[in-house]
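# Structural overview for review
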Amino acid sequence: MKKMILSLAMALSTMGAFAQFEAGKTYVAASMSGLGLSYSKQAKVNFNLRATAGQLLADNLMMLGIVGYEYQHWAKSHELELGVGGRYYIIQNGLYLGLSAAYAFTKAEDEKTHNCFITPELGYAFFLGEHVTIEPAIYYRMSINNFADASTVGLRIGVGYYF
């Protein structure tokens with residue numbers, strides 16, 4: 001029994017040792033949402049890919065650049081998103097609050113639209129090793145131009161790399 005408790009304590013302590021969010025570290029990630037993981041009034045089936053890169057400016061504070069692509073099958077539309085954001089790691093175990101602002105250009109069969117979004121999120125960075133993370137996050141993508149119809153609530157799953 002002692003060996004089991006000691007082994008568990010050692011495993012937990014090594015997992016926490018990887019979760020260092022120190023100033024100067026760089027971050028790259030890819031994430032996916034859609035496929036039934038998000039909901040909006042307009043969208044029925046959609047697929048969203050997102051690439052993110054960032055730098056920890058201070059301990060626990062990261063600045064991000066974001067590029068995203070979304071396909072909505074029901075509207076036969078394609079959307080390209082460019083944005084900036086930030087994350088604050090609440091505690092060293094990986095829990096974070098994020099906020100981003102983005103511009104999106106959408107092209108459907110017969111129309112083109114422009115929209116701006118503000119997206120708060122709550123996520124967690126699960127470290128799989130010294131550098132690689134799995135990052136689930138809950139977000140609310142608020143549309144500035146069409147709040148009632150274009151805003152989205154969802155779950156994003158990502159893979160990150162800290163170096």
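In what follows, the structure referred to is the one given above.
So, how was this worked out
- The written sequence of each chain sets the order in which its residues are numbered from 1.
- The predicted nature of this model means local features are confined to residues of pLDDT at least 70 and side-chain atom pairs, given and counted, to a pLDDT of 80 or more, with totals for whole chains, interfaces and linings taken over all residues.
- To get the side-chain values, all heavy atoms of the structure are used, and hydrogens and water are removed first.
- Only rings of Phe, Tyr and Trp enter the pairing, Trp through its six-membered ring, and a pair is recorded when the two centres are within 6.5 Å. The plane angle decides the type: under 30 degrees is stacked, over 60 is edge-to-face, the rest tilted.
- Buried residues are those whose accessible area, probed at 1.4 Å on protein chains only, stays under 20% of the maximum for their type, while exposed residues exceed 50% and partly exposed ones sit between those limits.
- The rule is short: NZ of Lys or CZ of Arg within 6 Å of the ring centre and within 35 degrees of the ring normal puts a charge over the ring.
- Helix and strand labels come from DSSP, where a helix needs a run of H or I of at least four residues and a strand needs a run of E of at least two; each type is numbered from the N terminus.

### Things to note about the packing of aromatic side chains
Two aromatic rings are characterised by how far apart their centres lie and by the angle between their planes. By the definition in use, this model includes 5 aromatic pairs. Seen in terms of ring centroids, Tyr 161 and Phe 163 are 5.4 Å apart; in terms of plane orientation they differ by 35°. Their pairing is tilted. Here Tyr 161 falls in the partly exposed class, since its relative accessible area comes to 35%. One aromatic cluster is present, built from ring pairs that chain together Tyr 27, Phe 127 and Tyr 162. Above the ring of Phe 117, the side-chain terminus of Arg 141 is found at 3.6 Å from the ring centroid.

### Considering unusual backbone geometry
Look at Asn 60: it is not a glycine, yet its phi comes out positive at around 70°. Tracing the backbone through its elements, the reader meets Asn 60 in the loop between strand S3 (46-58) and strand S4 (61-72). Classification of Asn 60 by relative accessible area gives buried; the value is 16%.

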